[in-house]
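For reference, the chains in residue letters:
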Amino acid sequence: MTAPSEQVWREAVDLLARARSVVLACHVAPDGDALGSMLALGLALRARGVTVVAAWGEDPQVVPDAYGFLPGLDLLTPADQVPARPELLVTLDTSSPDRLGLLADRLQTAACVIVLDHHTSGRPFGSVRLVDDQAAATAVLVAELLDRLGVPLDEDLATALYTGLLTDTGSFTYAATTPAVHALAARLLQTGIRHDLIARAVYDTNPYGYLQVLGRACAEARLEQQAVRGLGLVWTTLPASLLSGAGVSLSDVEGVIDVVRTAREAEVAVVLKQEPGGPLRVSTRSKGAVDLGEVCGALGGGGHRFAAGFTSYDDVETTMSVLRAALDDAPHLPA
Ligand SMILES: [Mn+2]
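About the thresholds
- Residues numbered from 1 in each chain as written.
- Predicted model: local features only at pLDDT ≥ 70, side-chain atom pairs only at ≥ 80, totals over all residues.
- Helix = DSSP H or I, 4+ residues; strand = E, 2+ residues; numbered from the N terminus.
- Rg over C-alpha atoms; globule rule 2.2 N^0.38 Å.
- Buried ≥ 20, exposed ≤ 12 C-beta atoms within 10 Å, placed from the backbone.
- Contact = placed C-beta atoms within 7 Å.
- Pairing = 2+ DSSP bridges.
- Axes fitted to C-alpha atoms, helices over the stretch in contact; angles between N-to-C directions.
- Core = buried A, V, L, I, M, F, W, Y, C linked by C-beta atoms within 7 Å.
- Parallel < 35°, antiparallel > 145°, perpendicular 65-115°, else oblique.
- Left-handed = near helix turned anticlockwise from the far one by under 90°.
- Nonpolar A, V, L, I, M, F, W, Y, C, P; charged D, E, K, R; others polar.
- Domains from an automatic or database assignment.

1. Quick look at the overall build of the protein chain
Turning to step 1, where the next piece is worked out: In terms of regular secondary structure, the protein chain is built from 13 helices and 11 strands.
Turning to step 2, where the next piece is worked out: The C-alpha atoms of the protein chain give a radius of gyration of 20 Å, which matches the 20 Å a tight globule of 335 residues would have.
Turning to step 3, where the next piece is worked out: Each principal axis of the C-alpha atoms in the protein chain carries an extent, and together these give about 55 × 40 × 40 Å.
Turning to step 4, where the next piece is worked out: Burial statistics for the protein chain: of 335 residues in total, 45% are counted as buried.
Turning to step 5, where the next piece is worked out: The long-range share in the protein chain, meaning contacts at least 24 apart out of those at least 6 apart in sequence, stands at 68%.

2. Points about the sheet that holds strand E4 (residues 113-117)
Turning to step 1, where the next piece is worked out: What the five strands build is an open sheet, ordered E2-E1-E3-E4-E5; its pairing is parallel. At either margin of the open sheet sits one strand with a lone partner, and together these are strand E2 (51-56) and strand E5 (128-131). Neighbour to neighbour, the strand axes of the sheet diverge by 15° on average, direction disregarded.
Turning to step 2, where the next piece is worked out: Alignment of E4 against E5, held across four bridges, turns out to be parallel. Of the residues in E5, the one forming a bridge with Leu116 is Leu130.
Turning to step 3, where the next piece is worked out: Contacting E4 and E5, helix H1 (residues 6-18) runs over the sheet at an angle of about 115° to E5.
Turning to step 4, where the next piece is worked out: Running at roughly 170° to strand E1 (residues 21-26), helix H2 (residues 32-47) makes contact with E1, E2, strand E3 (89-92) and E4 of the sheet.

3. Section: the nonpolar core
Turning to step 1, where the next piece is worked out: Judged by nonpolar contacts, the single largest core of 63 residues is most densely connected at Leu24, Ala40, Val140, Val142, Leu161 and Leu165.
Turning to step 2, where the next piece is worked out: Considering every element that reaches this core, the biggest residue donor is H2, with nine residues.
Turning to step 3, where the next piece is worked out: Residues in contact with Leu165, not counting those within four places in the same chain, are Ala136, Ala137, Ala139, Val140, Val181, Leu184 and Ala185.
Turning to step 4, where the next piece is worked out: Judged by nonpolar contacts, the second largest core, of 33 residues, contains Ala246, Val268, Val270 and Val290.

4. Examining unusual backbone geometry
Outside of glycine, negative phi angles account for most residues, and trans bonds account for most peptide bonds.
Turning to step 1, where the next piece is worked out: Put simply, Asp59 and Pro60 share a cis peptide bond, and its omega is 0°.
Turning to step 2, where the next piece is worked out: Mapping Pro60 onto the fold places it in the loop between E2 and E3.
Turning to step 3, where the next piece is worked out: Although it is not a glycine, Ala29 sits at a positive phi angle of roughly 50°.
Turning to step 4, where the next piece is worked out: The residue Ala29 is located in the loop between E1 and H2 in this model.
Turning to step 5, where the next piece is worked out: The backbone of Ser171 shows a phi angle near 55°, a positive value even though the residue is not glycine.
Turning to step 6, where the next piece is worked out: Among the structural elements, Ser171 can be located in the loop between helix H5 (155-168) and helix H6 (179-189).

5. Notes on the environment of Gly245
Turning to step 1, where the next piece is worked out: Along the polypeptide, Gly245 turns up in helix H10 (residues 240-246).
Turning to step 2, where the next piece is worked out: The spacing of Gly245 and Pro279 is 34 residues in sequence and 18 Å in space, taken between C-alpha atoms.

6. Observations regarding the packing of H1 against helix H4 (residues 138-149)
What describes two packed helices is the angle between their axes and the distance between those same axes.
Turning to step 1, where the next piece is worked out: The interhelical angle for the contact between H1 and H4, taken along N-to-C directions, is 65°, at an axis separation of 10 Å. Relative to H4, the element H1 lies roughly perpendicular. Judged by the twist between their axes, the crossing of H1 over H4 is right-handed. Contact residues: H1 offers Trp9, Ala12, Val13, Leu16 and Ala17, while H4 offers Leu145, Arg148 and Leu149.
Turning to step 2, where the next piece is worked out: Taken together, the residues that form the contact of H1 with H4 break down as seven nonpolar, no polar and one charged.

7. Section: the domain arrangement of the protein chain
Turning to step 1, where the next piece is worked out: The domains assigned to the protein chain are domain 1 (6-203) and domain 2 (208-329).
Turning to step 2, where the next piece is worked out: Here the C-alpha centroids of domain 1 and domain 2 sit 26 Å apart.
Turning to step 3, where the next piece is worked out: Listed as interface residues are seven residues of domain 1 and, on the opposing side, eight residues of domain 2.
Turning to step 4, where the next piece is worked out: Counted by class, the side of domain 1 that touches domain 2 contains one nonpolar, six polar and no charged residues.

The following block contains the structure:
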């Protein structure tokens, strides 16, 4: 896939410049890029006099504590109050209709759908697709869109965009962190934002219970050296009882996989998180030899090449044997 053509950019800019009201929707269980991208675009459009509704398809919509500092949270609207027939719907960071959750039906009822995304897998949808799988974050595409709309960056826009950039690049460490990514980060910092406080809020502000959960997760991690055709697999589970006992939510434990994935013996890391009375949320990371977007896509999920996930309604044992088989079958990427 390549970057969006000039014609697609022009179509999107024309639609947004003419719109009187816009509905913005990001994926369920939103991360820093989904939220930051959506709120930045929402704030910019509202400043231009557009009526903006921002939402994701969960009821209730709970903003993770780590993102409580983001500007524009007042744009958020409960999913059941999102207009039934949007004049213009913009989806952000969302690779498949099912990732819109309760709002997936708006794809049928909206007069027009603009898609802003950088995922490699998923089921394509939408009429105007600003999709670039080489982009480090959806925030990169939103920044370009704001430039093309002639919106100057202010501190609020920069805070939201920087949060997306920071989180989706793994603090500017993943391979997609190009010179252009750093150039955008520099422009964002020039607005005067406190990047140190953003990083602290996102990464260094955990509830005490997180330490207990992380300890258990690491102590019980399993290393399977022969898995992934000998490249190695490390995995662990976070049972609902462990999370509730420690008083932490699913969004509080997003960072566990970033510790588990550091095991040098394993190409692939997996964390299975159990919702109380619900399915398993399976997060996966690879070091570059396996396309996990493909693997998780085949299991009903999706994501990026090196970071992806899916939802499983089976137990841990069954889920892991299905995943092991899929990882054994996955083609190895060139180094
Ligand atoms: Mn993203």
